[in-house]
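Inside the fold
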Amino acid sequence: MSVLTSPRGKVEVVHCRRTESQDIYCIESLIRKFTHKLFGKLNIIYLLEKANLAVTLCNDKEEIMAQATFLDYPNWNVAKQDDWVSVFRELDSDIPCTPLNTLFMHLFVAVDEYSVGCCKEILRTVYKAVPELHFIFLIVPSYMSLGSTLITVFDQVGNIPCLTYEEDFAVHICHRHSHYPQLHVRKARVEDHDDLMPIFMHYDTILKETYGEYFLAELIEAQDEENHAVVCEVEGTAVGFMSVCSRVNMQLLHECFDLGPFHGLCFPHPDDVLESPQELSVRGSQDAELRSSSQSFQKIVEESQEPVSPDTMENIQGKIAGEAASEEALSVVQNGVSEPEDIEKLSEASPGCAQDHHGSSRSLASLLWPEEPVHFRPIYRGASAAFCIQLFCIDEKYEARSLDFMNFVFSLFSDKNFCVISLPHLTPEFILIQNFVKVVPFNTCTIKQDLYVFHRAGLLKSINIRFATLLDTPGVENLVSTLMLNKNILEDLARYNKAHKDPDGTLLQAFVAEVAEQIVGIAVITNEMDVEYLRSHYNIEDFIYFSHHQREEHGHMHHFALNPIFRHYTKFFLKEILRLGFKSCLYYPVYPKSREGKIAVFQFQNPYAHSLTSALHYLVPVRPRRQIVYPLEKLGINAPSKAVSKDLMGYALNHTNRKLTLEPKITINARIVVVGASSVGISFLETLVFCSHLKFNNLTLISTHGLPGKKLLDTEQRKFLASDHCYNDKDYALMSLCSWVNVVVGRMTGIDRATKHVVLSTDEIVLYDHLILCTGQQYQVPCPTGADISQHLTNGEVPNSSQRRYTGKVPCNHFTLNEEEDCFKALTWIRNNFITTEGNVIVYGNTIDTYTTVETLFNLGVSGSRIHLVQPPPASTITCINNYSVESAVADALRASGVTIYRDAILAQWNDGLHPDPIYSASFTTPTKPFRLQCSMFFSFCEKKVDYETFKALNDACLVYDGRLVIDTNFHTNDIAIRAAGSLTKFSNRYYSDEWTHSNFNSKEIGFQLAAAMLHLFDPTLEPVTEPPADLDQLIPMYKGAKIQGGILPGSYHYLHIAKPAIPTPLETQMAQPDYGLEIVTGSAANGTYFRIHINKYKMVETITCLSKEPFPTSNYICLFGQHEQLLNNLCARYDENLITDLYSYFTEPWCLAIFHDRFIDLRKELRQILASKEEEDLPSIEQLAHQIEDEEINPTEKPRQNLKRVFEDSIYKTLVERSTLDYLRYNRHLLPMYAWPGII
């Protein structure tokens, strides 16, 4: 906040923020004729789309006072976008302008009365936001004066001609030192104590309480060769302090952190052990090469003019996964075997990761199946090359200049190359740390702090981005030599140098980053050829206005590698790629892996392979869009183009554009650990990952089998288990959570709340700050009652074993299917043991998964006569399908297939009470007489429960457990650091809502709401949460998303049921209610043409049930939920008039496709907003009028509906609604070409 005073003495409190699209109207209102003469006639929307930085200044009422727009190339066409540096250096050789330190003002507008103050405040903000910036140029026609405002901050340096027509333009410059100067840094003196203590006390009083009032003076006095204290000062007053020390506990750091990429923070030594003995015998020659490379790397800091050797430093991408995965990756290796998710972190986050830090090359097979556990760590015998920052503090006003300290402190330690600092991991990432590289801890790390490293060479400002040449090839080879995809990079570089095109003829561009005549970075891009596909399949328009970007301005990034000591220049590298390549957008895809069984097969050399990019954290992930399933045959020539509707391999998309190049992300280092890869947990992670302005460094998922979506069996496993339609394999591919989330494969067996860590079954621990429990419930191994059927016992005569836990050995041919890995194991057993041709299969349970499993067995070739469906006594009167018509069709299909069905049967014994592994027979009791079945394979789908190990972990941690884990309405358990959601949980008894749990709601929505509740802890842009009144806290939240289940049932029936969240009630009971509404049914279940829609009393679609022999567009039908029947083309009226005989056909008609569009909900909100707005002063809005009629404040002579319709048609609302609807169709015509709009007919 700043205070501006006008010449007339008026005062305004103002603040600066990034310009937003809704500011455009106000900006245009501030433009004067003089503005056009200075800057030309501008399209403000277009200018903001292409601006690197746009700043709006507002007062405390959020009224816009001024706005300025800055780009990285000059306006008025006085120089080419990609070649302006030489032109401006010729003006004044004393101005060392570079693309790094220069911006150009393309627009400035302000309220006249405060214009001078606004201009100075904006420039101060810009210099503060961009620390590397030193010069801002302003170019205006030479015959124009700057006016009374701009002339106060800009000085003329010369004239340059225009490239397109004969006219000179005046060049004016604004220097940093006039607004936010660099700080003067010097050695600290005792007299600085009084200046510095208020700054320290503002942040913390612990040091004073611990070491006394004069601790700072004592620290300054204690300086020697190993300890130094420095200050930065402004006008003779100390405003910042840094204490540095050359004594660093290297042994502790080597034990806790992977310092291989930095050669252990030591100088190279002949006795360094960089490889394990086995590797040394094979790679002796390469060891010498690595040593020489490391030595040349250390030399760079001895002579600043020498080139930087990136060879060793680039290896950090292997351990940090090029920042593509996480800057604090946590991997758990079981029995020395790296699980697939660990390899995903190294190669799937962005395929093509670096080798191990010591330079050895390990094959994929050795990564997957090492012969023995390998825990080798390099041994460094050289002297320490690092000093540490012990204490740092700076006045908030000058924090943006924190890096000014570094030149001076490195000069104090001329023999050191690295500066390190350790911080508690919950410390917000301040500006100084943003220039450091975060070091990856080992999973055995005992230090509860993060370590950051800065290399002396990172201070060099001479970084230059340019197009690659043939002479750069050796330097690039040296840079990427340790990357797995280095061959691809070099091949593309060779293609660029040869023809500037890839094999498909697409334009290819290669850029290098150069420092001190050495290559430290490489990037290769092409023109994005699938622009229409990207627009229609991803929410690109969350970040750009598509119509303001030319087709050739979209670029596709194939490779990006940058020496990590220059990591803080990543955004500058991206900005220069856009400027030099004449691009406005860059896209980077992350393709899913291909798997064969449990062996990961990384297709390094396929056309989809992209090299590891250390820039991934500087890009934003783009949400995929829900796609309409088009009836292409019915649409004919009115179908979308093939560029939009083609079916490409799904991938996760990452993006940046000119607007984002100077937009910082907020870094969140809090350790957020999610236990359980359920739909709730995945939805929670998805929500956090797609917060584009936040960067979560420490997201960890603990799961028995890692991330779902591995496509182990293509689509077969989906037929074993019913689906809740929250996620499918393609959804997982489009998210690529492995790029952002550390995956720990294991089972939670304990929680230590005191030290905040989770204990795994492998005795590994995972530390957390926030623990999210989403394990859900699973099918458990049933516990036989032990009843001897030879005694002819009935159910009433045997003990109830439903609450008992099975503790024996699980038979090898017994399967409980909870995840796709379980399904894969079952399928493997079936194929390996000839179950398709011989032996009985028992399916035990009465859930919908029993039916989908039976259908899968049919598809695998198991005859119905060998399948026995045994159903235990139901726990309630509500069946799993809860629809008599559907149940009858399924029962008929089972009988027709020869499946034997046993009802109300309880498992008594396996193998007549003998050793149960494997199961040869199973005995059951019933209400009448027992029976015994031969068995080759046993599937159990009894009631889902909380896993015993999970229960024990929760119970031992003293978390309140009452049948399920108890939570409040904000997902909290009785530990503030532990939250839980999903079917694992129940609401506290104080809410008196035992019947309502998260199981009644949509899992994806639960995960989203959980994330939304937690984002208030991390996102400063959100309004702070206020505690609800005590009376409202007694109400449980009611979520509105549809509860969905579906699958393929016996008889090859495709089944789908969509319903609103509700307490389960028999369908007949629901229909008997007087306010039930009406049902619309077409077809018959037996024929596989059944389609049922329930319309509630408010005429809204509340339930949809489909049973069809043919596949149908599930995602389309889900969109029907919650829609008004009139929106569905007057569904009820048409049905009553017998105009609808087949709902399947009805919903393939072209009129309904707009409803299936993913942005239709936005249109509904916009129309609702129009009807709620007061467009005419003398008349109420349509919404107000409806309320007045409802409250009987007015009594129209005609029927209320007719009255509203007449008022609507006679007012401006009708025109506004029609215009908005037509705009929606016009803007989305690439996806909705079947609709006509004015202009095409």
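In what follows, the structure referred to is the one given above.
Here the structure is a predicted model, which is why all the values come from computation and not from measurement. (Residues numbered from 1 in each chain as written. Predicted model: local features only at pLDDT ≥ 70, side-chain atom pairs only at ≥ 80, totals over all residues. Heavy atoms only, no water.)

**Remarks on the sheet that holds strand β16 (residues 464-467)**
This is how it is decided: For two strands to be treated as a pair, DSSP must find at least two bridges joining them. In DSSP terms, a helix is any run of H or I states spanning at least four residues, a strand is any run of E spanning at least two, and both are numbered starting from the N terminus. Fitting a line to C-alpha atoms yields each axis, with helices limited to the stretch in contact; the angle taken between N-to-C directions then spans 0 to 180 degrees. We call two residues in contact whenever any of their non-hydrogen atoms come within 4.5 Å of each other.
Ordered in space as β16-β17-β18-β19-β20-β24-β23, the seven strands form an open sheet in which the pairing is mixed. Because the sheet does not close on itself, it has two edges, and the strands there are β16 and β23 (620-622). Strand-to-strand twist of the sheet, defined as the mean angle between neighbouring strand axes without regard to direction, takes the value 35°. As paired strands, strand β20 (residues 585-590) and strand β24 (residues 652-657) are joined by six bridges and run antiparallel to one another. What sits directly across from tyrosine 588, in β24, is asparagine 654. Contacts from helix α18 (residues 486-499) reach β16, β17 (508-515), β18 (518-527) and β19 (554-562) within the one sheet, and its direction differs from that of β17 by about 110°.

**Considering the packing of helix α37 (residues 1182-1190) against helix α38 (residues 1200-1210)**
The following threshold applies: Note that the term roughly parallel is reserved for angles under 35 degrees, roughly antiparallel for angles over 145, roughly perpendicular for angles of 65 to 115, and oblique for everything else. Put simply, a crossing is left-handed when the front helix is turned counterclockwise from the back one by less than a right angle, and right-handed when it is turned clockwise.
Look at α37 against α38: their axes get within 11 Å of each other, and the N-to-C directions meet at 160°. Between α37 and α38, the crossing angle belongs to the class labelled roughly antiparallel. Judged by the sense of rotation from one axis to the other, the crossing of α37 with α38 is right-handed. Counted together, Ile1182, Leu1185, Ala1186 and Ile1189 of α37 and Pro1200, Asn1203, Leu1204, Val1207 and Phe1208 of α38 form the full contact between these two elements.

**Description of unusual backbone geometry**
Across the junction of aspartate 917 and proline 918, the peptide omega takes the value -5°, indicating a cis bond. Note that proline 918 resides in the loop between β39 (906-910) and β40 (921-925). With phi around 65°, glutamate 62 is a residue other than glycine that occupies positive phi space. Position of glutamate 62 relative to the elements: it lies in the loop between β3 (53-59) and β4 (64-71). At asparagine 1138, a residue that is not glycine, the phi angle is positive and equals roughly 60°. As for its position among the elements, asparagine 1138 is in the loop between α33 (1131-1136) and α34 (1143-1146).

**Remarks on the pattern of salt bridges**
Just so we agree on the cut-off: Here, a salt bridge means any Lys or Arg side-chain nitrogen found within 4 Å of an Asp or Glu carboxyl oxygen. Type-normalised accessible area, obtained with a 1.4 Å probe on protein chains alone, sets the label of each residue: buried when under 20%, exposed when over 50%, and partly exposed for intermediate values.
By the definition in use, this model includes 43 salt bridges. Between aspartate 962 and lysine 986 there is a salt bridge, with its nearest N and O atoms 3.1 Å apart. In this pair, aspartate 962 is assigned in the loop between α29 (948-956) and β44 (965-967) and lysine 986 in strand β46 (residues 985-987), connecting sequence segments 24 residues apart. On the basis of relative accessibility, which here comes to 37%, the residue aspartate 962 falls in the partly exposed class. The closest approach of N and O atoms between glutamate 1183 and arginine 1168, which form a salt bridge, is 3.1 Å. Separated by 15 residues along the polypeptide, glutamate 1183 in helix α37 and arginine 1168 in helix α36 (residues 1160-1172) bring together distant segments of the chain. Judged by relative accessible area, glutamate 1183 falls into the partly exposed class, the value being 27%. One connected set of salt bridges, linked through shared partners, spans Arg17, Asp23 and Glu62.

**Considerations on the pairing of strand β26 (residues 672-675)**
In β26, alternate side chains face the same way, and those of Ile672 and Val674 on one face and Val673 and Val675 on the other are all buried. One ladder, built from four bridges, connects β26 with strand β28 (residues 699-703); its direction is parallel. Bridging from a neighbouring strand, isoleucine 672 pairs with leucine 699 of β28.

**Describing the packing of helix α23 (residues 679-689) against helix α30 (residues 1003-1018)**
Any two packed helices are characterised by the angle at which their axes cross and by the distance between the axes. Condition: Following the grouping adopted for this structure description, the nonpolar residues are Ala, Val, Leu, Ile, Met, Phe, Trp, Tyr, Cys and Pro, the charged ones are Asp, Glu, Lys and Arg, and the polar ones are all others, Gly among them.
Axis separation between α23 and α30 bottoms out at 7 Å; the angle between their running directions is 45°. Classed by the angle they form, the pair α23 and α30 counts as oblique. Considering how the two elements wind past one another, α23 and α30 form a crossing that is right-handed. Between α23, through Ser679, Val680, Ser683, Phe684, Glu686, Thr687 and Leu688, and α30, the contact on the second element is made entirely by Ser1003, Lys1004, Ile1006, Gly1007, Phe1008, Leu1010, Ala1011, Met1014 and Leu1015. Its residues assigned to classes, the contact of α23 with α30 shows nine nonpolar, five polar and two charged.

**Quick word on the nonpolar core**
Nonpolar side chains in soluble globular proteins generally cluster together in the buried interior. Stated formally: Here, the term nonpolar core denotes a set of buried Ala, Val, Leu, Ile, Met, Phe, Trp, Tyr and Cys residues that are joined through side-chain atoms within 4.5 Å.
With 98 residues, the main nonpolar core has Phe684, Ile751 and Leu773 as its most contacted residues. What phenylalanine 684 contacts, discounting residues up to four positions off in sequence, is Ile672, Val674, Ile772, Gly1007, Leu1010, Ala1011 and Met1014. Listed in part, the 96 residues of the second largest apolar core include Leu103, Leu150, Cys419 and Phe454.

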